[in-house]
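Structural description and commentary
Spelled out, the chains give:
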Amino acid sequence: MGQRIGIDVGGTNVKIALVSDRGKIIYSNSIPTRAEMGYEHTINSMKDAVRDLLKETKLEPKQIEGMGFGFPGQIDCQKGVVRLAPNIPGWVNVPIAEIMEKEFGIPTRVDNDVRTAALGELNYGAGVGCQNMVCITVGTGIGSGIVINGKLVRGASNAAGELGHIKLTMDGGPLCGCGDRGCLEAYASGPSIVALAEEYIKGGKSTKYRELANPEITPYIVAVAAKEGDPVARQIFKIMGEYIGMGLVNVVNLLNPEKIIIGGGVADAGDILFNPIKGTIQRRAMTIQKEAVEIVPAQLGNTAGVIGASLLITQG
Ligand SMILES: [Zn+2]
C-alpha cells in the first residue's frame, strides 16, 4: 500500500507516474494531450495510460491509495472539477475526479499544476523541512504555490498564488494576458525575454543570440548566449531577474517565507537569472524578512508535478 498515481497535464503532453510512499517514481509514461481532439479524447487517452500503468506494474486498482491530477488552470479542488484551463482548449467545467473515480474506483483529487509542483518540492525536493515557502515557476507565465505553516494555501476560490499578476506599475506598462497592464508576468517571462531580445536587434545591436537563432529567438538561445558572455543577452537576464526580484520583494515582505524555490524553463538559466533576483531582494526587501529567506533552484525538475499530484490524496 501507499503507492499512488500522479498525473501532470500540460498543453502538449500528459505525464503519468506511479509514485512510492517515499516519493520515488516507480513507473512513468507520457502521452500527447491532443487538446484539439476535444477533452473526451484526452480523458480516454489518460484512462488507457492508467490501464497500461496497472498492467505493467501488475497492480490492481485497490492496491493504489489515490490518484492526483495537476492542471494548468483554475481548479475547484473540493469538487475535483477543472473549471478552465486556458492552454488546454475545451477543458471547461470538466469533473475529472468523478470521471476517473467511476472508471477505476481509486480516490482522485485535482489541483493547479504549480501547486502540485510546490507540494512535490516541499516533500521531496528543495523545500524539505520548510514550514513557510513559496515555489515559483517561470516559463511562458509566472505562477506560484504557497505553503504556510506546512499547508498549501488555496484561497477563497482556489485561486491564490497568482504571482505573475502582481502589479509593478500604477499606470501603463505592458498588456498582460489577464487583461490588465503592468503585471510582473508581462515584464518577465519567456515571451518577454524574446520580445526584449528582438528589440535590441531592431536597435542595431549585434549579439550572439542573433547568430544562434534558428531562425527564431527562444529564451533558451538567449540563455546560451548569456552564458557564453554575450553582453546584450546578459543584460536581458539582468532586467528579467530584477523584475522577478521586485515581485518577490513583495512576497518576502508579505509572507516572510524561509525559502523561495524557483523552477520552470526560464529558471534553468541559473546564476544569470538568480543573481539579479537575489540582489534585488537584498536591496529592496525589509531587513528581518530578507535575512530569513533563502532563494534556491527547484530540485525535482519536470517530475515535481507528478510527484506532487500523487501526494494530493493525503496532503490535499
Ligand atoms: Zn496579469
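What this report covers is the structure whose coordinates are included nearby. (Residues numbered from 1 in each chain as written. Predicted model: local features only at pLDDT ≥ 70, side-chain atom pairs only at ≥ 80, totals over all residues. Heavy atoms only, no water.)

1. A look at the sheet that holds strand E8 (residues 108-112)
- Strand order across the open sheet formed by five strands is E3-E2-E1-E4-E8, with mixed pairing between neighbours. Edge positions in the open sheet fall to strand E3 (25-32) and E8, since each of these has one partner strand only. Taken over all neighbouring pairs, the strand axes of this sheet differ in orientation by 15° on average, direction set aside.
- Packing against the sheet, helix H3 (residues 113-124) makes contact with strand E1 (3-9), strand E4 (64-71) and E8, and its axis sits at approximately 105° to E8. (Pairing = 2+ DSSP bridges. Helix = DSSP H or I, 4+ residues; strand = E, 2+ residues; numbered from the N terminus. Axes fitted to C-alpha atoms, helices over the stretch in contact; angles between N-to-C directions. Contact = heavy atoms within 4.5 Å.)

2. Digging into the coordination of the zinc ion
- For the zinc ion, every protein donor is listed as His-165 (ND1), Cys-176 (SG), Cys-178 (SG) and Cys-183 (SG), and the spread of their distances is 2.0 to 2.4 Å.
- The site at the zinc ion holds four donor atoms, and with the angles between them running 100 to 122°, its shape is tetrahedral.
- Taking the relative accessible area as the measure of exposure, Cys-183 reaches 0% and is therefore buried. (Donors = N, O, S within 2.8 Å, 3.2 Å for Na, K, Ca; no water. Tetrahedral: all angles 85-135°; square planar, octahedral: opposite > 155°, others 65-115°. Buried < 20%, exposed > 50% of the residue type's maximum accessible area, 1.4 Å probe, protein only.)

3. Describing the nonpolar core
- Counting 41 residues, the largest nonpolar core has Tyr-209, Phe-237, Leu-248, Ile-260 and Ile-262 as its most contacted members.
- Counting only elements with at least two residues in this core, the list comes to strand E9 (133-138), strand E10 (142-148), helix H5 (190-202), helix H7 (219-227), helix H8 (231-255), strand E12 (259-263) and helix H9 (271-284).
- The dominant element in this core, judged by the number of residues it contributes, is H8, at ten residues.
- Not counting chain neighbours up to four residues away, the residues in contact with Leu-248 comprise Ile-136, Leu-163, Ile-260, Ile-262, Ile-277 and Ile-281.
- The next biggest cluster of nonpolar side chains, apart from the first, holds 33 residues, and it includes Ile-7, Leu-59, Val-82 and Phe-104. (Core = buried A, V, L, I, M, F, W, Y, C linked by side-chain atoms within 4.5 Å.)

4. A short note on the pattern of salt bridges
- Tallied over the entire structure, the rule returns 13 salt bridges.
- Residue Asp-111 is joined to Arg-115 by a salt bridge in which the shortest nitrogen-to-oxygen separation is 2.7 Å.
- With relative accessibility at 4%, the residue Arg-115 sits in the buried group.
- Across the pair Glu-199 and Lys-202 runs a salt bridge whose closest N-O atoms are separated by 3.9 Å. In this pair, Glu-199 and Lys-202 both sit in helix H5, three residues apart, roughly one turn of the helix.
- Of the residues examined, Lys-202 reaches a relative accessible area of 69% and is grouped as exposed.
- Shared partners join several salt bridges into a network, and the residues in it are Lys-47, Asp-48, Arg-51 and Glu-103. (Salt bridge = Lys/Arg side-chain N within 4 Å of Asp/Glu carboxyl O.)

5. Quick notes on the pairing of E9
- Among the six residues in E9, five count as buried, and that is most of the element.
- Hairpin geometry of E9 and E10 is characterised by an intervening segment of three residues between the two adjacent antiparallel strands.

6. Notes on helix H1 (residues 39-56)
- With 18 residues, H1 should reach 26 Å at 1.5 Å per residue; the first-to-last C-alpha distance of 26 Å fits that figure.
- Tucked into the core, H1 has its buried residues touching E1, strand E2 (13-19), E3, E4, strand E7 (92-94) and helix H2 (96-104). (Expected span 1.5 Å × (residues − 1).)

7. With respect to the packing of aromatic side chains
- Tallied over the full model, the rule gives four aromatic pairs.
- Arranged with centres 4.8 Å apart and planes meeting at 50°, the rings of Phe-71 and Trp-91 form a pair that is tilted. Taken together, the residues Phe-71 in strand E4 and Trp-91 in the loop between strand E6 (81-84) and E7 connect sequence positions 20 residues apart.
- By the ring-pair criterion, three or more aromatic residues cluster together here, those being Tyr-39, Phe-69, Phe-71 and Trp-91. (Phe/Tyr/Trp six-rings, centres within 6.5 Å; stacked < 30°, edge-to-face > 60°.)

Just geometry here; none of it tells us what the structure is for.
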